[in-house]
Amino acid sequence: MDLFRLDGNAALVTGASRGLGHALAIALAEAGADILAVDIGELDHVAKEVLARGVHCATRTADLSNLTPDTAAELISWAKAEFPHPTILVNNAGIIRRGPAIETTPSDWSAVLDLNLTTPFLLSSSQERV
Ligand SMILES: NC(=O)c1ccc[n+]([C@@H]2O[C@H](COP(=O)([O-])OP(=O)(O)OC[C@H]3O[C@@H](n4cnc5c(N)ncnc54)[C@H](O)[C@@H]3O)[C@@H](O)[C@H]2O)c1
C-alpha cells in the first residue's frame, strides 16, 4: 500500500459532505493527503474524521453551481492559501433530477449540466491551477 501514499499532497474534494465524495475524502486522508473539503452542506463531521487520520483538513461551505471563471479561480486560490501543495482535484459534487424525460424542465436540465459539467470544467481549467 506504500506505493499509494499521498503524504505531502493535498486534495480538494467537492461534494465531500456525504456519499462518494465523503468516502473519497476519508480514503485520501488515510493515504496521507491533507483534505480541502467543499460542499453546500455540513462539513464539521468530515473535518473530525479527516483529522482523526492524522492529516490536516480545511473546509469551505459553498454552492458550486453557477460558478464563473472568477469564482472558480477564487476557490482554487483559497485551496492554495490553505495548503501550499494542493495536487489533487476530485470533481465529485453533482446532482440528479430523476424523472420521466417528458417532465424534465429546461431549468432541471440546466441545473444538472451546470453542476455536473460546467463546475468541473471551470475548476479543472482555472488559471489558478491546483
Ligand atoms: N452514487 C451513484 O451510483 C453514482 C453513479 C454515477 C454518478 N454519480 C455521481 O457521483 C457523484 C457523487 O454521487 P453521490 O451518490 O455520492 O451523491 P450524493 O447526492 O450522495 O452526494 C453529493 C454531494 O454533493 C453535494 N452537493 C450537491 N449540490 C451541491 C452544490 N450545488 N454545491 C456544492 N456541493 C453540492 C451534496 O451536498 C453532497 O454532499 C455525483 O456527481 C453523482 O452524479 C453517482
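Heads up: these notes are all about the structure in this document. Just so it is clear, the model here is predicted, and its values are computed rather than measured. (Residues numbered from 1 in each chain as written. Predicted model: local features only at pLDDT ≥ 70, side-chain atom pairs only at ≥ 80, totals over all residues. Heavy atoms only, no water.)

1. A few points about the site of the ligand
The criterion, for reference: If even one non-hydrogen atom of a residue comes within 4 Å of a molecule or strand, that residue is called near it. We call two N or O atoms a polar contact when they sit within 3.5 Å, provided that within protein one can donate a hydrogen and the other can accept it, with sequence-adjacent residues counted only if both atoms are side-chain atoms. Where accessible areas are quoted, they stem from the Shrake-Rupley method and a 1.4 Å probe; at the residue level, only the protein chains shown are allowed to cover. Under the grouping applied here, Gly and all other residues not named as nonpolar or charged are polar, the nonpolar ones being Ala, Val, Leu, Ile, Met, Phe, Trp, Tyr, Cys and Pro and the charged ones Asp, Glu, Lys and Arg.
The local shell around the ligand holds 16 residues, among which Leu20, Asp39, Asp63, Leu64 and Asn92 are the closest. In this structure, Leu20 approaches the ligand through a main-chain N or O atom, which is 2.7 Å from an oxygen atom. Between Leu64 and the ligand, the recorded distance is 2.8 Å, taken from a backbone N or O atom to a nitrogen atom. When the free accessible area of the ligand is taken as 820 Å², the share hidden by the protein chains comes to 65%. Split into classes, the residues belonging to the shell around the ligand amount to seven nonpolar, six polar and three charged.

2. Here's the deal with a nonpolar patch on the surface
Operational definition: Exposure above 30% relative accessible area and the lack of any salt bridge qualify a residue for a patch; like charges then connect within 9 Å, and the nonpolar side chains Val, Leu, Ile, Met, Phe, Trp and Tyr within 5 Å. We define a salt bridge as a contact between a side-chain nitrogen of Lys or Arg and a carboxyl oxygen of Asp or Glu at a distance within 4 Å. To qualify as a helix, a DSSP run of H or I must reach at least 4 residues; to qualify as a strand, a run of E must reach at least 2; elements of each kind are numbered from the N terminus. The rule is simple: take the accessible area with a 1.4 Å probe, protein chains only, and divide by the maximum for that residue type; under 20% is buried, over 50% is exposed, in between is partly exposed.
A grouping of Met1, Leu3 and Phe4 is seen on the molecular surface, where their side chains present a nonpolar patch of about 480 Å² in accessible area. You can see Met1 is positioned in the segment before β1 (10-14). Judged by its relative accessible area of 80%, Met1 is exposed.

3. Focus on the sheet that holds strand β3 (residues 57-61)
Note the following rule: Being paired, for any two strands, means DSSP has found at least two bridges between them. All axes here are fitted lines through C-alpha atoms, helices being fitted over the stretch that makes contact, and every angle between N-to-C directions spans 0 to 180 degrees.
Pairing within the open sheet is parallel, and its four strands lie in the order β3-β2-β1-β4. Of all strands in the sheet, those bounded by a partner on one side alone are β3 and β4 (86-90). Strand-to-strand, the axes of this sheet are offset by a mean angle of 15°, without reference to chain direction. One ladder, built from five bridges, connects β1 with strand β2 (residues 34-39); its direction is parallel.

4. Examining helix α1 (residues 19-30)
Our working definition: Here the expected length of a helix is defined as 1.5 Å per residue gap, with one fewer gap than residues. What the arc measures is the spread of directions leading from the helix axis to the C-beta atoms.
Between its first and last C-alpha, α1 extends 17 Å over twelve residues, near the 16 Å set by a 1.5 Å rise per residue. Those residues of α1 lying buried are Gly21, His22, Ala25, Ile26, Leu28 and Ala29. Axial view of α1: buried residues confined to an arc of 165°, hence all on one face. Of the exposed residues in α1, those oriented more than 90 degrees away from the buried face are Gly19 and Leu20.

5. Considering the environment of Trp78
Defined as follows: By definition in these notes, contact holds between two residues if any of their heavy atoms fall within 4.5 Å.
Turning to its location among the elements, Trp78 is positioned in helix α3 (residues 69-82). Its relative accessible area of 13% is what places Trp78 among the buried residues. When the C-alpha atoms of Trp78 and Glu128 are compared, they prove to be 9.9 Å apart, with 50 residues separating the residues in sequence. Once residues within four sequence positions are removed from consideration, Trp78 is found in contact with Leu36, Ala37, Val38, Ala58, Thr59 and Arg60.

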